[in-house]
There are 2 protein chains.
Amino acid sequence: MSKDKQFVFGHQNPDTDAIASAISYSYLENKRGENTEAVALGKPNDETQFALDYFGVKAPRVIKSALPEVNKVMLVDHNESQQSVSDIDKVTVTHVVDHHRVNFSKPQPMYYTAKPWGCCCSIIKSLFDKYGVEVPKKIAGMMMSAIISDTLLLKSPTTTPFDKKIIKDLAKIAGVDDIHAYGIKELKAGTNVDDKDAKTLIDTDAKSYTLGGKSIRIAQINVVDLNDITKRKAEVKQAMADENKSEGYDLFLGMVTDVLNSDSDLIAVGDPKLAVEQAFNGKLDADGMMKAPGVVSRKKQVVPPLTKALGKK
Amino acid sequence: MSKDKQFVFGHQNPDTDAIASAISYSYLENKRGENTEAVALGKPNDETQFALDYFGVKAPRVIKSALPEVNKVMLVDHNESQQSVSDIDKVTVTHVVDHHRVNFSKPQPMYYTAKPWGCCCSIIKSLFDKYGVEVPKKIAGMMMSAIISDTLLLKSPTTTPFDKKIIKDLAKIAGVDDIHAYGIKELKAGTNVDDKDAKTLIDTDAKSYTLGGKSIRIAQINVVDLNDITKRKAEVKQAMADENKSEGYDLFLGMVTDVLNSDSDLIAVGDPKLAVEQAFNGKLDADGMMKAPGVVSRKKQVVPPLTKALGKK
């Protein structure tokens, strides 16, 4: 009799790492005797779809809830309930593999592997090596794409020596000779903002947090020209204000990131704005915008200073 | 210049696993280039002292707070703030190695290794193997003693095939031919209750939890004869009631565990008693006591059913 099936999935609004982590970790666990299916909590974004098409990989099917299909799940590239499947509180989490802060509470002991590396797929590659399982060519391509995506081609301050080493191993398996040339194509595929409405732009890569008692939504929009968003600021701010109202967020913070030059513009709608100014040591202009030179990582450069400014440990 | 010093420590009211995990993990991290000191949040109990004396290992010094000596710490054999050092909220946690439920929140990503195994020292032994570091003889003896302690000589339902394999490896390194004979001696060393007052008995191996909004204290007292405590029940219950009052616990639950026969008596003082009856499917007598045959693990057989009975996920 086979084992109970488990879902493996990344966070809501999946990015390339969320999708590639689910695909690769599900493959690894199945090789180790588990019965898992990689699924996703949303459709691939443009960048991820580019990588899926490039390496000929099918997107995982989208689920709305874990029950009634499975009672047990494995989480990759996230651990916080707010970022997980809608019924996460009703199922058993057997494994977590993640590279974000740990903000997790479940009554049963389980397998939890976290490392402060730039990409969850780097950790998963180290698990393939640990268990002596070979990474298939197509999956290696997706994992390499995830490292490119999460580290902005190894330029984000989240990048570690492990990511730099592992991306080379994966590129070799995937048959990609020029990581940089492929990476620029991949990142650019995710920056087409002109044909998207403002709501889509602020929804595609957004995460929710409770920081210092405040409900905060932080979205990242990748561009190759910051002006692509600046020229549409009224529309974007309105979409943020609408979401604050409908979802009950205190503050919506948008990071508009120039993926080629590794800089961001911030857009803050809601309160407390003072915490944003303290966190980034600057002043928001009359539009609630400010420059954040060198800021590209929500996890390392936005959440920690904002947490501190909001007066929580 | 050497790296900033970090403390490595287990939970409050340390047991053999908490002490042995700190000693062994500190040794491993130092071999890997870190600058750590194994410390403890309390003095060794009688069982742990027996093992320390047997293998000629010095007890880690007791600290009351991490600051101002260090800013960074590594947690072993626990992760919950309530069970950790008093100023845990003011320091950075760089590593956790643990085998309990994850109930953890810190703003920065870090290294977190949890496995649902019987003993934290089993996980640490697997990390020695992963990094190719040899376990010194004395430390192997302590780690073996920890597995004996946490699994009650491999009889607790928390015991996994990993613990069974690893204890043999450790015994070999430690030069212990008969694990069972040594183990009985070690466990018995921790069951001397006659010369201890009731407050000491309920304090020595006790942990605090917040379950379903209630503040719960769960203590375990190891004995070779359940009657050693039954005959002193009035005194023990009074000590529990006193602690509920002074510390604000809603419920104090004592597990009196016969380490040779793997059974427990439960003693409940405070509320809600109904949750205890539901959790263990029985009736508390007029003294607030009930038999719990086969129950020996707080982590696996007490916390989860109590969590469920208290109406939390």
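The shown structure was predicted, so the numbers you read here are calculated from the model rather than taken from an experiment.

Draft legend 1. Region of the structure containing helix α10 (residues 273-280) of chain B. Those residues of α10(B) lying buried are A275(B), V276(B), E277(B), A279(B) and F280(B). Those residues of α10(B) hidden inside the fold are in contact with β10 (251-258), β11 (263-270), β12 (289-292) and α11 (298-309) of chain B.

Draft legend 2. Structural view of the sheet that holds strand β8 (residues 214-223) of chain A. Residue and element names in this part refer to chain A. With respect to topology, five strands assemble into an open sheet ordered β7-β8-β9-β10-β11, the strand pairing being mixed. Edge positions in the sheet fall to β7 (206-211) and β11 (289-292), since each has one partner strand and no second. Recorded for the sheet is a direction-independent mean angle of 25 degrees between the axes of neighbouring strands. For β7 and β8, the ladder comprises six bridges, and the chain directions are antiparallel. Of the residues in β8, the one forming a bridge with A206 is A219. Sheet contacts for helix α10 (residues 273-280): β9 (251-258), β10 (263-270) and β11; angle to β10, the most-contacted strand, approximately 160 degrees.

Draft legend 3. Geometry of the relation of the copies chain B and chain A. Superposition of chain B onto chain A requires a rotation of 180 degrees combined with a translation of 0.0 Å along the rotation axis, giving an RMSD of 0.0 Å. Such values leave the two copies arranged in the relation of a two-fold axis. Proximity to the rotation axis, assessed at the C-alpha, singles out T113(B) in chain B; its C-alpha lies 2.5 Å from the axis. With an isologous cut-off of 70% or more, the 100% of interface residues of chain B that recur at the interface of chain A puts this contact in the isologous class.

Draft legend 4. Focus on the packing of aromatic side chains. On inspection of all chains with the given rule, the structure shows 19 aromatic pairs over all chains. Their ring planes at 15 degrees and their centres at 6.2 Å tell us that Y27(B) and F128(B) sit as a pair that is stacked. Taken together, the residues Y27(B) in helix α1 (residues 16-31) and F128(B) in helix α3 (residues 120-131) connect sequence positions 101 residues apart. Using a relative accessible area of 25% as the deciding quantity, one classes Y27(B) as partly exposed. With relative accessibility at 0%, the residue F128(B) sits in the buried group. With a centroid separation of 6.2 Å and 75 degrees between ring planes, the pair formed by Y249(B) and F252(B) is classed as edge-to-face. Residue F252(B) is classed as buried on the basis of its relative accessible area, which comes to 0%. A network of ring pairs unites the aromatic residues F50(A), Y54(A), F55(A) and Y182(A) as a single cluster.

Draft legend 5. Quick peek at empty space enclosed by the protein. Scanning the model with the defined rule gives three cavities of 30 Å³ or more in all. Counted as a void, the largest cavity has a volume near 80 Å³. Looking at the largest cavity, the residues that line it are E80(A), Q83(A), H100(A), R101(A), K207(A), Y209(A), K299(A), V303(A), P107(B) and P109(B). Where the lining of the largest cavity is concerned, the elements lending two or more residues are β7 and α11 (298-309) of chain A. Among the residues forming the lining of the largest cavity, the class breakdown is four nonpolar, two polar and four charged. Each of two domains, domain 1 (6-189) and domain 2 (198-309) of chain A, supplies a minimum of three residues to the lining of the largest cavity.

Definitions and limits used
Residues numbered from 1 in each chain as written. Chains lettered and ligands numbered in written order. Predicted model: local features only at pLDDT ≥ 70, side-chain atom pairs only at ≥ 80, totals over all residues. Heavy atoms only, no water. Buried < 20%, exposed > 50% of the residue type's maximum accessible area, 1.4 Å probe, protein only. Helix = DSSP H or I, 4+ residues; strand = E, 2+ residues; numbered from the N terminus. Contact = heavy atoms within 4.5 Å. Pairing = 2+ DSSP bridges. Axes fitted to C-alpha atoms, helices over the stretch in contact; angles between N-to-C directions. Least-squares fit on C-alpha atoms with pLDDT ≥ 70 in both. Phe/Tyr/Trp six-rings, centres within 6.5 Å; stacked < 30°, edge-to-face > 60°. 1 Å grid on protein atoms, 1.4 Å probe; cavity = no way out; pocket = protein on both sides within 12 Å on 5 of 7 lines; lining within 4 Å. Points joined across faces, edges and corners; volume = space filled by probe spheres on them. Nonpolar A, V, L, I, M, F, W, Y, C, P; charged D, E, K, R; others polar. Domains from an automatic or database assignment.

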